[in-house]
Amino acid sequence: MLYNAIKRLTTWFFRLLFRWRVHGAEMVPASGGVIICCNHISWWDPPILGCSISRPISYMAKEELFKIPVFGRILIWLKAFPVRRHAADRSALKKSLDLLARGEVFGILPEGTRSKTGELGRAEPGTAWIAHKARVPIVPAAIITDYRLGGPVTVRFGRPIRLWEELPAKPGTEDYDRASQLVMIAIRELLNQGH
């Protein structure tokens, strides 16, 4: 499988460039649909998160990236799929729910964009919406680094969160927003452990 070949090459690359450590990878269930939610500080985040666990991860990526020659094709090989940002992209949401229904791993960077300061931002409510609809656990994750060449890169995974249990039977926008922030609290705790 092309994904695995690229993953092996990328894993070797990261070990060469960084002092890379992974803690708590066993928190990711060995099978079944699961969402991994992580902070977002760099373009490096999705590949290093994907190389930190044994299971393949699919991601949404902004649709503009798929129009870049060669790079767009690599994204597809890496199980990414396009999403229209700043809009309710129903096809991307359906794709994510289909992945989870098939028992796959779906990675979300819930802040929606990279943090320019390294500080953790607010989560978009879509994270909780997907978890509620799919009825799958969320595993919080934190990447602690400045990606300095030769510097430390630590990836921490936390205990799975059954987010749909925190929501009422018919949640509204405020409920989804509140539940999404619970995920960010869990990510912040992992970041604090790393520091």
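Scroll up to find the structure this text is about.
Numbering of residues begins from 1 in every chain and follows the order in which that chain's sequence is written. Reporting in this predicted model follows two pLDDT cut-offs: at least 70 for local features of residues, and 80 or more for side-chain atom pairs to be given and counted; totals over whole chains, interfaces and linings ignore these cut-offs and use all residues. Just so you know, side-chain values use all the structure's heavy atoms and leave hydrogens and water out.

Explain the nonpolar core to me, please; I cannot follow it from the model alone.
Soluble, globular proteins show a tendency: their nonpolar side chains are buried together. The criterion is simple. A nonpolar core is a set of buried Ala, Val, Leu, Ile, Met, Phe, Trp, Tyr and Cys residues joined through side-chain atoms within 4.5 Å. Any residue under 20% of the maximum accessible area for its type is buried, any over 50% is exposed, and the rest in between are partly exposed; the area is computed with a 1.4 Å probe on protein chains only. Among the nonpolar cores identified, the biggest contains 29 residues, and Ile 35, Cys 37, Phe 106, Ile 138, Leu 163 and Ile 187 are the most heavily contacted of them. Among the elements of the structure, strand 2 (34-38), strand 4 (80-83), helix 4 (90-101), strand 5 (105-108), helix 5 (126-134), strand 6 (138-144) and helix 6 (173-194) are those that each provide at least two residues to this core. When residues no more than four places from it in sequence are discounted, the contact partners of Phe 106 are Val 34, Ile 35, Ile 36, Ile 57, Ser 58, Tyr 59, Met 60, Phe 81, Ser 96, Leu 99, Leu 100 and Ile 130. One finds Leu 17, Val 28, Cys 51 and Leu 109 within the second-largest nonpolar core, a separate group that totals 25 residues. Counting from the N terminus, the helices are DSSP H or I runs at least four residues long and the strands are E runs at least two residues long. What makes two residues a contact is simply this: any of their non-hydrogen atoms within 4.5 Å.

Would you mind going over the sheet that holds strand 4 with me for this structure?
Whenever strands of a sheet pair, they do so through backbone hydrogen bonds, lying parallel or antiparallel. Whether two strands pair comes down to DSSP finding at least two bridges between them. The strand order across the open sheet formed by seven strands is 1-7-6-2-5-3-4, and the pairing between neighbours is mixed. The open sheet is flanked by strand 1 (19-23) and strand 4, the only strands paired with a single partner. Strand-to-strand, the axes of this sheet are offset by a mean angle of 25°, without reference to chain direction. Note that strand 3 (residues 57-62) and strand 5 share three bridges and pair parallel. The partner of Tyr 59 across the bridge, within strand 5, is Gly 107. Note on method: axes are straight lines fitted to C-alpha atoms, helices fitted across the in-contact stretch only, with angles between N-to-C directions ranging 0 to 180 degrees.

Hey, could you run me through the side chain of Thr 154 in this one?
Locating Thr 154 in the fold gives a position in strand 7 (residues 152-157). A relative accessible area of 16% places Thr 154 in the buried class. In this structure, Thr 154 is in contact with Arg 21, His 23, Ala 142, Ile 143 and Ile 144, ignoring residues within four places of it in sequence.

I'm lost on unusual backbone geometry in this one. Help?
Residues apart from glycine generally show negative phi values, whereas peptide bonds are mostly found in trans. The backbone of Val 70 sits at a positive phi, close to 70°, despite the residue not being glycine. Along the chain, Val 70 turns up in the loop between strand 3 and helix 3 (71-77). Owing to a relative accessible area of 61%, Val 70 belongs among the exposed residues under this scheme. A positive phi angle, close to 70°, is found at Lys 79, a residue other than glycine. Locating Lys 79 in the fold gives a position in the loop between helix 3 and strand 4. Residue classification places Lys 79 among the partly exposed residues on the basis of a relative accessible area of 21%.

I'm lost on helix 5 in this one. Help?
Helical geometry: 3.6 residues make up each α-helical turn, so side chains three or four residues apart lie on a common side. Every buried residue of helix 5 is accounted for by Thr 127, Ala 128, Ile 130, Ala 131 and His 132. Once helix 5 ends, the next one or two residues include Arg 135, with phi positive near 55°.

Is there a simple way to think about the environment of Arg 55 in this case?
Locating Arg 55 in the fold gives a position in the loop between helix 2 (45-50) and strand 3. Through-space distance from the C-alpha of Arg 55 to that of Val 28 is 8.8 Å; in sequence the pair is 27 residues apart. Sequence-distant contacts of Arg 55, that is, excluding residues within four places in its chain, are made with Tyr 3, Lys 7, Pro 29, Ala 30, Ser 31, Gly 32, Val 34, Gly 50, Gly 103, Glu 104 and Val 105. Polar contact is the term for a pair of N or O atoms within 3.5 Å; when the atoms are in protein, one must be able to donate a hydrogen and the other to accept it, and sequence-neighboring residues count only if both atoms are side-chain atoms. Among the polar contacts made by the side chain of Arg 55, one reaches the main-chain carbonyl oxygen of Pro 29 at a distance of 2.8 Å. Looking at Arg 55, its side chain comes within polar contact range of the main-chain oxygen of Gly 32, at 2.9 Å.

Would you mind going over the pattern of salt bridges with me for this structure?
Pairing between side chains of opposite charge can happen when the charged atoms of each approach one another. Salt bridges are defined as contacts in which a side-chain nitrogen from Lys or Arg sits within 4 Å of a carboxyl oxygen from Asp or Glu. In the structure shown here, the tally under the stated rule is five salt bridges. Residues Glu 104 and Lys 79 are paired through a salt bridge, measuring 3.3 Å at the closest nitrogen-oxygen approach. Here Lys 79 lies in the loop between helix 3 and strand 4 and Glu 104 lies in the loop between helix 4 and strand 5, a separation of 25 residues in the sequence. Asp 98 is the salt-bridge partner of Lys 94, the closest N and O atoms lying 3.0 Å from each other. Here Asp 98 and Lys 94 lie together in helix 4, a separation of four residues that amounts to about one turn. For Lys 94, a relative accessible area of 52% gives the class exposed.

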